[in-house]
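Given next are the chains, with one letter for each unit.
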Amino acid sequence: MAQLWQGLTAEEWDTPQVVVHRGRLQDNIASMAAFARQHGVQVRPHVKTHKTWEIFAMQQAAGAVGLTCAKLGEAEVFLQRGVKSVLVAYPLVGTRKLERLFELMTRFPAAEVQTIVDSPERAAELAQAAAAQGVELPVWVKVDSGLRRVGVSPGAPAAELVREVRKLSGLRLLGLLTHAGHAYGAASYEQVAEIGAAEAGCLLETAELLAAEGVTGLGISVGSTPTVKVSGAVPGVTEIRPGNYVFYDATQVRLGVATPEQCALRVLTRVVARPEAGRIVIDAGAKTLALDKGAHGSDAVAGHGLIVGHEGAVIERLSEEHGVVRIAEDSPIRVGDVLEIIPNHSCPVANLTDELTAIGEDGSLETWNVIARGKMR
Ligand SMILES: Cc1ncc(COP(=O)(O)O)c(C=O)c1O
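Keep in mind it's a predicted model, so treat the numbers as computed, not measured. (Residues numbered from 1 in each chain as written. Predicted model: local features only at pLDDT ≥ 70, side-chain atom pairs only at ≥ 80, totals over all residues. Heavy atoms only, no water.)

Undergrad: Quick question: what am I supposed to make of the sheet that holds strand E2 (residues 42–43) here?
TA: The parallel open sheet is built from eight strands, whose spatial order is E2-E9-E8-E7-E6-E5-E4-E3. At either margin of the open sheet sits one strand with a lone partner, and together these are E2 and strand E3 (67–69). As defined by bridge partners, strand E5 (residues 112–117) adjoins strand E6 (residues 137–142) across three bridges and the pair is classed as parallel. From the neighbouring strand, Thr115 faces E6, where its bridge partner is Val139. (Pairing = 2+ DSSP bridges. Helix = DSSP H or I, 4+ residues; strand = E, 2+ residues; numbered from the N terminus.)

Undergrad: Sorry if this is basic, but what is going on with the pattern of salt bridges here?
TA: Charged atoms that come close allow side chains of opposite charge to pair. Under the criterion given, the structure shown has 17 salt bridges. A salt bridge links Arg163 to Glu213, with the nearest nitrogen and oxygen atoms 2.7 Å apart. In this pair, Arg163 sits in helix H6 (residues 156–167) while Glu213 sits in the loop between helix H7 (189–211) and strand E8 (219–222), placing the two residues 50 residues apart along the sequence. Overall, Glu213 belongs to the partly exposed group, its relative accessible area being 42%. Of the charged contacts in the structure, one is a salt bridge between Asp354 and Arg373, with a shortest N-O distance of 2.6 Å. On the criterion of sequence distance, the pair formed by Asp354 in the loop between helix H11 (346–351) and strand E16 (355–359) and Arg373 in the segment after strand E17 (365–369) is long-range, its members being 19 residues apart. Sharing partners across several salt bridges, the network here consists of Arg96, Glu99 and Glu103. (Salt bridge = Lys/Arg side-chain N within 4 Å of Asp/Glu carboxyl O. Buried < 20%, exposed > 50% of the residue type's maximum accessible area, 1.4 Å probe, protein only.)

Undergrad: Would you mind going over the side chain of Asn28 with me for this structure?
TA: Along the chain, Asn28 turns up in helix H1 (residues 22–39). Overall, the relative accessible area of 5% leaves Asn28 in the buried class. Residues in contact with Asn28, not counting those within four places in the same chain, are Tyr245, Val246, Phe247, Tyr248, Gln262 and Ala264. (Contact = heavy atoms within 4.5 Å.)

Undergrad: I would appreciate a short explanation of unusual backbone geometry in the present structure.
TA: Most peptide bonds take the trans form, and the phi angle of most residues other than glycine is negative. Of note, the bond from Thr15 into Pro16 is cis; its omega dihedral lies within 30 degrees of zero at -10°. Along the chain, Pro16 falls in the segment before strand E1 (17–21). Despite not being glycine, Arg148 shows a phi value in the positive range, around 60°. Turning to its location among the elements, Arg148 is positioned in the loop between E6 and H6. With a phi close to 70°, Ala290 is a non-glycine residue in the positive phi region.

Undergrad: It is not clear to me how the site of the ligand should be interpreted in this structure. Could you clarify?
TA: Near the ligand you find 14 residues, and of these Lys48, Tyr184, Thr225, Arg241 and Gly243 are the closest. Here Thr225 contributes a side-chain N or O atom positioned 2.6 Å from an oxygen atom of the ligand. Within the side chain of Arg241, a nitrogen or oxygen atom sits 2.9 Å from a nitrogen atom of the ligand. Look at the ligand: alone it shows 390 Å² of surface, and the protein chains cover 93% of it. Grouping the constituent residues of the shell around the ligand by class yields four nonpolar, seven polar and three charged. (Near = heavy atom within 4 Å. Polar contact = N/O pair within 3.5 Å; in protein donor to acceptor, adjacent residues only side chain to side chain. Areas by Shrake-Rupley, 256 points an atom, 1.4 Å probe, with all protein chains shown as cover. Nonpolar A, V, L, I, M, F, W, Y, C, P; charged D, E, K, R; others polar.)

Undergrad: What's the story with the domain arrangement of the chain in this structure? I'm lost.
TA: When the parts of a complex come together, some accessible area is lost, and that lost area is often taken as the interface size. Once the domains are mapped, the chain shows domain 1 (2–20 + 258–369) and domain 2 (89–242). The straight-line distance from the C-alpha centre of domain 1 to that of domain 2 is 36 Å. (Domains from an automatic or database assignment.)

Undergrad: Got a minute to help me understand the pairing of strand E11 (residues 279–282) in this structure?
TA: Across a regular strand the side chains alternate sides, sitting on one face of the sheet and then on the other. Taken together, the three bridges between strand E10 (residues 265–276) and E11 define a ladder with antiparallel strand orientation. Bridge pairing in E11 places Val271 opposite Ile282. Hairpin geometry of E10 and E11 is characterised by an intervening segment of two residues between the two adjacent antiparallel strands. As defined by bridge partners, E11 adjoins strand E14 (residues 323–326) across four bridges and the pair is classed as antiparallel. From the neighbouring strand, Ile282 faces E14, where its bridge partner is Gly323.

Dropping the structure here:
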């Protein structure tokens, strides 16, 4: 596997550093956009993966209709840059959250801010608050397609919530939305594909129930990166919301969703010690690589990331600023060498750094600020 920074000397890099290969990033974005065009679906990428303006600008240029995020703080950062359609796909609970939601709607009147509802109680509360503000809040009914996190069960319960939402004057129903994050726990790509088919299927079955009583034209929004190429291809789906696909990572490689070559985000780290022939220490620890081994608690990968060009090496332990790596005793790796890591989960890695270094195919470097990092509220 070719190293990203080939042509640049190891001495030039200060480490650890999170780098993004522009060419791979652009290919990933273009390929999802082509998939969406082929299947006639809109792309509303989740920006929690990169939290970066330059990358969203590329997604927008490739046709994204808006963005998905989890936090009002993330929404604000992108609304300030002129994004016209933002979905906060997270339950907004508590007075302060609702105040902030309506503040955003007031400050950015030209933009549409959407959110989700997952129960009649939440729908009534949001509707009442919206009506008191004299606004109509666009909402998706969040359906649980198997992740067992937030969402109403598909079929009759989801159809009932749709009926409730349609009765409420402060809300405008956009459609049905789900996220099949449980695909991250799959043991094979075949299982991922089954989950993807069910992800779309359960929303479409619910929509059929509603169509039988004259409720038509609902948006159908799906998408996790593992499942999107299956669920997004099911006729009737209208929108996809992949996030991780811009970078991919070692978890997507394990699932058979991406190849190592497609992984656009890498961590450059320096070997700072070789206390034994079979053990090196690198300057990327948990505060750079993140401790979670994959999205939604998936942890079937070995170690804390893939070291490019040293496939036998295992990043066995991370403390805050040290990574402890088992290598072959006859490995040529030396103290001072720069290694390139494909992390297990690229999303938290991007959230741990102030900036990404974008590497062009000609070796040119650019710094991109992770503008929504730390926007936890
Ligand atoms: C509601 C929702 N939509 C979309 C996504 C994107 O998923 P992925 O990063 O697997 O593409 C997520 C991820 O957490 C999510 O929670």
